[in-house]
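Each chain is listed here by its residues.
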Amino acid sequence: MQFVDEASIIVEAGKGGNGCLSFRREKYVPRGGPDGGDGGHGGSVYLIGDDALNTLIDFKFQRFYKAQNGQGGMGRQMSGKAGEDLHVKVPVGTTVIDEDTLEVIADVTEIGQVVLVGEGGRRGLGNIHFKSSTNRAPRRTTPGTDGDRRNLRLEMKVMADVGLLGMPNAGKSTLIRSVSAAKPKVANYPFTTLVPNLGVVKLGMHEHFVMADVPGLIEGASDGAGLGLRFLKHLTRTRLLFHVVDVAPFDESDPVEAAKAIVHELGQFSPALSERPRWLVLNKFDLLPEDEREERAQKIIQALNWEGPVFRISAISSDGTDKLVQAAYRWLTEQRRLEHEDEEALAREEEMRRRMEEESVARTEARLGRRRKRDDEDDEDFDDDDYDVEVEYALSGIKRVHSVVS
């Protein structure tokens with residue numbers, strides 16, 4: 001199945017039914033009075049979080065979603081039937097943004113979470129509501145109101161505890177294959193990973209966490225180079241980042257310069273995300289002679305001025321990976337405990353998520369602004385002469401040219 005993490009849709013709630021203008025007409029009941037019923041309310045549009053979905057591809061083929069209109073009122077004081085609500089399933093981790101106002105409507109982060117994105121129109125009132133002692137035969141009703149119509153942008157971010165960050169071919173996909181049941185493509189060339197991959201790391205009964213692998217970054221990603229920048233947003237849902245560094249790159253590039261480039265691009269993409277806890281994971285130690293391994297590790301650590309946790313692994317042989325995932329699980333468990341018991345820790349986490357969401361909205365606003373500017377420029381360049389067609393007629397050896405405007 002194709003991985004799609006962004007989509008634009010239109011939702012339209014149902015229109016409320018109109019009120020009825022009616023008078024009671026029965027034999028032996030003269031001047032029966034008004035008996036027009038009310039219309040039914042229009043159906044609303046809701047989004048529901050569903051863990052069975054992991055892509056927004058369905059919204060690429062169907063972009064318009066409309067709830068049912070309310071039925072009009074009828075005589076004999078009969079109200080119209082309300083329109084049925086429309087429930088649309090979206091993947092857990094979907095952010096819903098109003099494209100016109102750039103307002104973040106909701107973040108669907110839980111299974112079964114219900115979000116109202118289009119409220120149905122209100123019903124119209126029948127003439128029975130307008131009778132009085134001075135107006136016994138009212139001919140007044142009210143129409144049903146229109147339901148909400150909104151242009152929405154859906155942005156899906158995978159839900160994971162640990163995110164893998166690094167250059168192409170650093171061994172991120174090999175690592176997630178080694179510690180989980182995920183089977184992303186692995187090959188000896190850059191950009192093997194084209195879409196994010198999720199893997200559940202199981203350590204024991206009821207002990208597990210989710211790891212996310214995204215396409216690798218390259219220098220200049222913040223200016224649009226490569227693939228990784230588009231998928232970095234998926235790491236904003238994580239609590240911990242593994243910065244995977246290839247200590248023995250096949251192109252003999254400098255691991256220190258590669259690591260510094262990743263840190264720079266991460267800061268350019270999201271200052272808040274760059275403040276997330278990050279562990280240095282030195283990979284591919286099996287490619288180095290044993291007497292050179294520690295020297296190479298210390299050289300990288302000192303050059304980066306690294307003060308955080310450091311792990312030396314070989315993902316392909318699973319050497320050192322158990323120690324890494326055990327430490328990650330203990331750290332995640334402690335973080336959840338702190339946030340549950342300490343209000344300050346919880347406030348810091350919420351503030352971090354708020355900042356990342358604001359940065360995400362700003363990026364969306366800038367992207368949509370560039371698109372609108374481009375569309376406006378295309379409209380300004382339009383000229384009636386753009387559709388002029390020259391038709392040549394050849395009659396008896398004489399060529400005539402006529403300009404035809406469609």
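Please read all numbers here as calculations on a predicted model, not as lab measurements.

1. So, the nonpolar core
A general feature of soluble globular proteins is that nonpolar side chains tend to end up buried together. One finds Phe-59, Val-117 and Leu-154 to be the most contacted residues of the largest nonpolar core, which totals 24 residues. Counting residues per element, the ones that place at least two in this core are strand 1 (6-12), strand 2 (45-50), strand 4 (86-91), strand 6 (104-108), strand 7 (114-118) and strand 8 (149-156). Leaving out residues up to four positions away in the same chain, Phe-59 has contacts with Ala-7, Ser-8, Ile-9, Tyr-65, Val-88, Lys-89, Val-90 and Leu-154. Counting residues in hydrophobic clusters, the runner-up holds 23 residues, among them Val-179, Phe-209, Val-325 and Ala-327.

2. Notes on the pattern of salt bridges
A side chain with one charge can pair with a side chain of the opposite charge if their charged atoms come near. Evaluated as defined, the whole model comprises 20 salt bridges. Note that Glu-349 and Arg-276 form a salt bridge whose closest N and O atoms lie 2.9 Å from each other. Of this pair, Glu-349 sits in helix 8 (residues 343-381) while Arg-276 is found in the loop between helix 5 (271-274) and strand 13 (278-283), placing the two residues 73 residues apart along the sequence. The pair Glu-349 / Arg-276 is uniform in exposure class, with both members buried. Connected through shared salt-bridge partners, Glu-6, Glu-99, Arg-153 and Glu-155 make up one network.

3. Quick look at the side chain of Asp-50
Structurally, the position occupied by Asp-50 is in strand 2. Every residue in contact with Asp-50, bar those within four places of it in the chain, is listed here: Lys-89, Val-90, Pro-91 and Val-92.

4. Re the sheet that holds strand 12 (residues 240-246)
Strand order in the open sheet formed by 6 strands is 10-11-9-12-13-14, with mixed pairing between adjacent strands. Sheet topology places strand 10 (197-204) and strand 14 (310-312) at the edges, where each strand pairs with a single neighbour. Between one strand and the next, the sheet's axes are offset by a mean angle of 25°, whatever the strand orientation. Along the sheet face, helix 4 (residues 255-269) touches strand 9 (162-166), strand 12 and strand 13 and points at about 150° away from the line of strand 12.

5. Remarks on the packing of aromatic side chains
All told, the structure shown has 4 aromatic pairs when counted by the stated rule. Measuring from ring centre to ring centre gives 5.8 Å for Phe-59 and Tyr-65, while their planes differ by 55°; the resulting arrangement is tilted. The two residues Phe-59 and Tyr-65 agree in class, both being buried. A ring pair is formed by Trp-279 and Trp-331, whose centres lie 6.4 Å apart and whose planes are at 80°; its orientation type is edge-to-face. Of the two residues, Trp-279 sits in strand 13 while Trp-331 sits in helix 7 (residues 321-341), which places them 52 residues apart along the sequence. What makes Trp-279 buried here is its relative accessible area of 6%. Members of the aromatic cluster, joined through ring pairs, are Phe-242, Trp-279, Phe-311 and Trp-331.

6. Some thoughts on the pairing of strand 2
Relative to strand 4, strand 2 is paired through 6 bridges, and the arrangement is parallel. Opposite Ile-48, over in strand 4, you have Lys-89 as the bridge partner. In this structure, strand 2 lies alongside strand 7, joined through 4 bridges in antiparallel fashion. Each bridged residue has a counterpart across the sheet, and for Ile-48 the counterpart in strand 7 is Val-114.

7. A closer look at the confidence of the model for the chain
For the chain, mean pLDDT is 82; residues scoring 70 or higher make up 82% of the total. Of all secondary-structure elements in the chain, the lowest mean pLDDT belongs to strand 15 (residues 388-395), at 43, while strand 3 (residues 64-66) reaches the highest, 96. Across residues 387-406, where pLDDT falls below 50, the model places 22 contacts with residues more than four positions away in sequence or in other chains.

8. Observations concerning the side chain of Glu-349
Judged by relative accessible area, which is 10%, Glu-349 ranks as buried. Within the structure, the side chain of Glu-349 is placed 2.9 Å from the side chain of Arg-276, a separation counted as a polar contact. Residue contacts for Glu-349: discarding those within four places in its chain leaves Arg-239, Arg-276 and Glu-339.

9. Observations concerning the pairing of strand 11 (residues 207-213)
In this sheet, strand 11 lies alongside strand 9 in parallel orientation, the contact comprising 3 bridges. In the sheet register, Leu-164 faces strand 11, and the bridge partner there is Asp-213. In terms of strand pairing, strand 10 meets strand 11 through 7 bridges, oriented antiparallel. Residue pairing across strands places Val-201 opposite Phe-209, the latter belonging to strand 11.

10. With respect to the environment of Gly-166
Mapped onto the elements of the fold, Gly-166 is located in strand 9. A C-alpha to C-alpha distance of 9.2 Å links Gly-166 and Val-263, two positions 97 residues apart in sequence.

11. Focus on helix 6 (residues 290-304)
Spanning 15 residues, helix 6 covers 22 Å between terminal C-alpha atoms, matching the ideal 21 Å at 1.5 Å per step. Every buried residue of helix 6 is accounted for by Ala-297, Ile-300, Ile-301 and Leu-304. Down the axis of helix 6, the smallest arc covering the buried residues is 95°, so these residues share one side. Facing away from the buried side of helix 6 by over 90 degrees, the exposed positions are Asp-291, Glu-295, Lys-299 and Gln-302.

About the thresholds
Residues numbered from 1 in each chain as written. Predicted model: local features only at pLDDT ≥ 70, side-chain atom pairs only at ≥ 80, totals over all residues. Heavy atoms only, no water. Core = buried A, V, L, I, M, F, W, Y, C linked by side-chain atoms within 4.5 Å. Buried < 20%, exposed > 50% of the residue type's maximum accessible area, 1.4 Å probe, protein only. Helix = DSSP H or I, 4+ residues; strand = E, 2+ residues; numbered from the N terminus. Contact = heavy atoms within 4.5 Å. Salt bridge = Lys/Arg side-chain N within 4 Å of Asp/Glu carboxyl O. Pairing = 2+ DSSP bridges. Axes fitted to C-alpha atoms, helices over the stretch in contact; angles between N-to-C directions. Phe/Tyr/Trp six-rings, centres within 6.5 Å; stacked < 30°, edge-to-face > 60°. pLDDT = per-residue confidence, 0-100. Polar contact = N/O pair within 3.5 Å; in protein donor to acceptor, adjacent residues only side chain to side chain. Expected span 1.5 Å × (residues − 1). Arc of directions from axis to C-beta.

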